[in-house]
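Notes for the structure review
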Amino acid sequence: MATTTPGVNELESRIGGFTVRGRAHSLSAWFVLALRLMMGYAFAYSGITKLTGEFAAGGYLANVAATNGNPLAGVFAWMGSTPWFVEFANIAVPWGETLIGLGLLVGAAVRLAAFFGALMMVMFYFGNWEIAHGLINGDFAYMLVFLAVAAFGAGRILGLDQYIEAYEINGQTLVERYPVLEYVLG
């Protein structure tokens, strides 16, 4: 049974003079964990299958964005016709997906993994450009899931980030000693 405690699970954010407030249900942690594990599995599986099979980004980059009025068609055409970039993508995509997935699965460097996962989803969104059914598609939704996983600090929920953040060096936690890690861990 879910319980609520005053002051617990309250959310508030201010941006540009606007304030939003809300209260998360106590079961929210389970859903955030489920999102982290789902995206971790999906990306790890996708990356490992690319690493163990044949993967070549050149044809995708050169041809995928040439239809449907893609606003980044020229960028994708350049990426697909630039040999060094194709070689970079041939390494970065499978290894990136694998490492992002593993980071999410074990809950380590989750904000960093989620940032790069969201970045990849933005590129897939434009690469797979299709607006016949509107601007929102699965790639866009996955980008938002990655951002939610980062925002809610999902690595602290049954993940290694909670232990990494608490690790002490000379009486200071790692995050106190290196505050920039708050943007990487969590």
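Okay, so let's go over this structure. On a predicted model such as this, the values are computed, not experimentally measured, just so you know. (Residues numbered from 1 in each chain as written. Predicted model: local features only at pLDDT ≥ 70, side-chain atom pairs only at ≥ 80, totals over all residues. Heavy atoms only, no water.)

Overview of the packing of aromatic side chains
Applicable threshold: Stacked, tilted and edge-to-face pairs are distinguished by plane angle, under 30 degrees for stacked and over 60 for edge-to-face with tilted covering the rest, among Phe, Tyr and Trp rings (Trp via its six-membered ring) whose centres lie within 6.5 Å. In DSSP terms, a helix is any run of H or I states spanning at least four residues, a strand is any run of E spanning at least two, and both are numbered starting from the N terminus. Burial classes: relative accessible area under 20% of the type maximum marks a residue as buried, over 50% as exposed, and values in between as partly exposed (1.4 Å probe, protein chains only).
Scanning the model with the defined rule gives 11 aromatic pairs in all. Aromatic pair Tyr41 and Tyr45: ring centres 5.9 Å apart, planes at 20 degrees, arrangement stacked. Of this pair, Tyr41 and Tyr45 both sit in helix H1 (residues 28–52), separated by four residues, roughly a single helical turn. Across this residue pair, the class does not change: Tyr41 and Tyr45 are exposed. Judged by centre distance (5.6 Å) and plane angle (5 degrees), the ring pair of Phe126 and Trp129 falls under stacked.

Topic: the pairing of strand E2 (residues 18–23)
For a regular strand, side-chain orientation follows a simple rule: the groups alternate between the two sheet faces. Cut-off, in case you're wondering: Note: two strands are recorded as paired if DSSP finds a minimum of 2 bridges between them.
Burial within E2 is sparse, with just zero of its six residues counted as buried. In the sheet, strand E1 (residues 10–15) pairs with E2 via six bridges, with the strands oriented antiparallel. Pairing of Ser13 across the sheet is with Val20, part of E2. In this antiparallel pair of consecutive strands, E1 and E2, the connection spans two residues, and Gly16 shows a positive phi of 55 degrees.

With respect to the side chain of Glu97
What counts here: In this description, contact between two residues means that some pair of their heavy atoms is separated by no more than 4.5 Å.
Turning to its location among the elements, Glu97 is positioned in helix H4 (residues 83–106). Exposure remark for Glu97: the relative accessible area of 3% places this residue in the buried category. When neighbours within four sequence positions are excluded, Glu97 is seen to be in contact with Phe43, Ala44, Ser46, Gly47, Lys50, Ala92, Met120 and Phe124.

Regarding unusual backbone geometry
Of note in this structure, Leu158 is not a glycine but carries a positive phi near 50 degrees. Take Leu158: it is sitting in the loop between helix H6 (138–151) and helix H7 (161–166). Residue classification places Leu158 among the exposed residues on the basis of a relative accessible area of 62%. Although it is not a glycine, Asn170 sits at a positive phi angle of roughly 50 degrees. Position of Asn170 relative to the elements: it lies in the loop between strand E3 (168–169) and strand E4 (172–173). Judged by its relative accessible area of 70%, Asn170 falls in the exposed class.

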